Amino acid sequence: MLNIIDLKCENLTNPIGMDEKNPIFSWKLESDKENTVQTRYELTVGNFTVNEACGDSINIEYTGPALRAKTKYNYCVTVWDNHGEVSCAEGYFVTGYMGKEPNAKWIARPGDVRPVFVKEFEFDGEDAYITASCYGLFEILINGKAITDTFLNPGFTSYLKRIQYRMFDVKDYLTKGTNKIEIYIGKGWCKGRFPSFPTVPSPFGEMPNCVFCELIADGKTIVATDDTWLTYQSPVIMSEIYDGETYDARLEGKYEKEFPAVEYNIGFANLVSSRSVPVKVIKTLKPLSMFTTPKGETVLDFGQNIAGWVKFNIKGNEGDVIKYTHAEVLDSEGNFYADNMRSAKNEIFYTFKGDGVETYRPHFTFQGFRYVRLDECTPNVTIDNFMAEAISSDTNVNGHIECSDEMVNKLFSNILWSQRDNFVDIPTDCPQRDERLGWTGDAQVFISTALKNADCSAFFTKWLLDMMADQKKDGMVGNYIPLMTCLKTSSGWGDAGVVCPWELYKAYGNKKFLATTYPMSKKWVEYIKAQGENPYLWNTGFQYGDWLGLDAKPGSYEGSTDKTYIATVFFAYSTYLTGKMAEVLGYEDDVKYLEELYKNIVDAFRKEYVGEDGEPKCKTQTAYVLGLYMNLFEDMQKNADALNSMILANGTKLQTGFIGTPYLCYALSRYGHADTAYGLLLQRGYPSWLFSVKQGATTIWEHWDGIREDGTMWSTAMNSFNHYAYGSVADWIYSEAMGVTPLEPGYKKIKIAPIPSDALGYMEARFATPYGFVGSKWEHKDGKTIYTVEVPCNTTAEVVLPDGSVHNVGSGVYTFEG
Ligand code: BGC
């Protein structure tokens, strides 16, 4: 038996609105036989067919005739394997504008009123698609029904350079005859208020809250936005990403205050198709309890910190209201605690129209929360009236880590939740307070974990395109992307311009996209080189350092590791990785140049920052960790031993912040100190990963002591309970404890070299590579250690056991004893 599964075009399942001229195709194979490899494939797109004796099943580029715009293409893949089996599978994609302009006008209603745009039209066709975009957010209804189960469209991009349109299949929503289309809009990221620390006015400030929409059937325009559309006052009276939404159901469908829409001739030069997976509801949660706090507040507990919203079904009278606020935690007395939200209000205010049971969820905002406080509620309600919907970009989270320690299992669940909650169209720092920005440092340290927990190929492709668009002329990559008001960078943050494309390439093997992003990476290296007087040190400018490191001076967020040490380490690391990219892409001159530059940086680093004893002059855990992970010391073992002793002397406890933590366990286990790395992972006392679990966390905290032992909070200003950065320890579990790493980009060849620990009975991990699931498990049983590995079809693995034995295997599940 041979099956083709997960057929993808441009890393998406049956994409609609696909504008790549030469899209790439990928598929996975399933077989009931071991050692299965593809020997030949045939790909047919429309009338074009390639049939090749070839083992490649990912990143297969379309090389046929030019694709037409606004056209549905069916495609079919047939695969032959080495056991003589054949399988085929079908998919489709629908092209979008392919660089042409929409046959529609941008429209808006001037003034600060959020309108609904309405138009009636005749239709008697079969297939139909809608394309739409908005400087803000939109929701489209046809004949009163929402045309998509996706949210926050058209997504968060660097709007002035790249604004996405989305395309939807709407044939099921149309009837023959007269149809009505309505478009609701909200301010969203583009027109909403800015985070609490704007330094310059919004670049989108002057841009009207415009929308365009075109309904296309058989390649022809049926109806499109223009000044014949009418507008009326939307029931969504106020919506802000950070502050929540005010909704007056009494306004639904009321055609008072009609005004024609106004056309805005702002052009479509920056219009791009959407490259990512949409934001969807990924889980529905019922409240665990509804209770009264010591202060007398009525609070719902959903049991899990999520990004999303409350959905309710409540019967009220006309003019009844409900108002509620969101929070992540309760304080030490058990009261509702929202001080860490800073200026984000996270309030929903709803007025009932009094027409049976009313169902509502917000339209153009989302909250990060576990608890909800009912501030006002005139109708009678019970716990059964409420549910929470968790939203996330639809990345198919299916990574798995499990072991004999339930607290580690909970930690992993928290990591997955923080990933889901923070992957809301862009990778954010946190989903709740007045930031929710694509902080590059956070993404950079977490990306390798994220790519194993889920299929984030499309998600990061889109974000990196914004990063490229936002890169400054001098090569600067900002502290967050989309850049909006941010004009600064720092080492460890801007380096995302190198680390993220490289990690993406390692995970998915897409050379074409690596070539797309390469100029950005190279320019970033040049940017660093141009800082300060010494071209081989980065010892100038603003730096975050080891952000939130515990060795910070009292009152400071910045760990005590020398910031220029960190900056120079990242200069070396980015140069090294960019050199590797140049090698992959065959850019020989760049390889030579970058290798030479790297050597010079390492020399300068050693002269400046390494003492006579061969160890860093700056004696922090993070200084050792970075030098070790980035291979910068002459005597690596000596430094690893020194780090190990420091940590043991500290009671097997870490001191590291955002920059040191992701690499801490690697720096130990790669040099024979896996026991200490496990000791840190299993540490329950403060500070540690499991401390937050002990304190009841359901997501990863921003700060090691978000809630202290005595229940008090470490700060109000910088205390998110949903920051994924420290969740990067999962990458160490996947790659070192379970030993799974790609020997070739995309995991065509895999290394599995587990490092078992006596501190646990068993541990296992499984995640989806582009070829299928890879798994690794070890278990102590009857005085022996049993190793089980799972190798996906069309790949091979080199299994290296702790006794040094090497086993080369093909696809299948294998067990070894050691
Ligand atoms: C964010 C971080 C971010 C940092 C920069 C914070 O406010 O929440 O996660 O990386 O600023 O240091």
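Source: prediction; values computed, not measured.

**Student:** Tell me about the pattern of salt bridges, and please be specific about residues and values.
**Tutor:** A full pass over the atoms with the stated rule returns 46 salt bridges. The salt bridge involving E61 is made with K512; its shortest N-O contact spans 3.9 Å. Remark: K512 occurs in helix α6 (residues 511-529) and E61 occurs in strand β6 (residues 60-61); sequence separation between them is 451 residues. Between E709 and K694 there is a salt bridge; the shortest N-O distance is 3.6 Å. Here K694 lies in helix α13 (residues 689-694) and E709 lies in the loop between α13 and α14 (729-737), a separation of 15 residues in the sequence.

**Student:** An account of the packing of aromatic side chains is requested, with residue identities and associated values reported.
**Tutor:** With the rule as written, the count across this model stands at 62 aromatic pairs. Look at Y747 and F767: their rings are 5.7 Å apart centre to centre, the planes differ by 75°, and that puts the pair in the edge-to-face class. Placement of the pair is Y747 in the loop between β38 (740-742) and β39 (749-752) and F767 in strand β40 (residues 762-769), with a sequence separation of 20 residues. Taking the relative accessible area as the measure of exposure, Y747 reaches 4% and is therefore buried. By relative accessible area, which is 1% here, F767 ends up buried. The residue whose ring lies beneath K72 is Y92, and the NZ or CZ to ring-centre distance is 4.3 Å. A cation over a ring is seen here: R766 above F773, with NZ or CZ 3.9 Å from the ring centre.

**Student:** Before we move on, can you summarise the pairing of strand β5 (residues 48-52) with the specific residues and values?
**Tutor:** Two elements, strand β4 (residues 38-45) and β5, share five bridges in a ladder whose sense is antiparallel. Residue pairing for β5: Y41 is matched across the bridge by E52. Here β4 folds back onto β5 in antiparallel fashion, the turn holding two residues, of which G46 has a positive phi close to 55°.

**Student:** Help me get a handle on the site of the ligand, residues and values and all.
**Tutor:** In the vicinity of the ligand, the residues found are D429, R433, E435, W439, D442, W493, Y544, W547, F658, E702, M718 and H723. Contact between the ligand and D442: an oxygen atom at 2.5 Å from a side-chain N or O atom of the residue. Side-chain polar atom of H723 to an oxygen atom of the ligand: 2.9 Å apart, as the coordinates give it. Contact with the protein chains covers 97% of the free accessible surface of the ligand, which is 310 Å². Counted by class, the shell around the ligand contains six nonpolar, one polar and five charged residues.

Reading guide: rules and limits
Residues numbered from 1 in each chain as written. Predicted model: local features only at pLDDT ≥ 70, side-chain atom pairs only at ≥ 80, totals over all residues. Heavy atoms only, no water. Salt bridge = Lys/Arg side-chain N within 4 Å of Asp/Glu carboxyl O. Helix = DSSP H or I, 4+ residues; strand = E, 2+ residues; numbered from the N terminus. Phe/Tyr/Trp six-rings, centres within 6.5 Å; stacked < 30°, edge-to-face > 60°. Buried < 20%, exposed > 50% of the residue type's maximum accessible area, 1.4 Å probe, protein only. Lys NZ or Arg CZ within 6 Å of the ring centre and 35° of its normal. Pairing = 2+ DSSP bridges. Near = heavy atom within 4 Å. Polar contact = N/O pair within 3.5 Å; in protein donor to acceptor, adjacent residues only side chain to side chain. Areas by Shrake-Rupley, 256 points an atom, 1.4 Å probe, with all protein chains shown as cover. Nonpolar A, V, L, I, M, F, W, Y, C, P; charged D, E, K, R; others polar.

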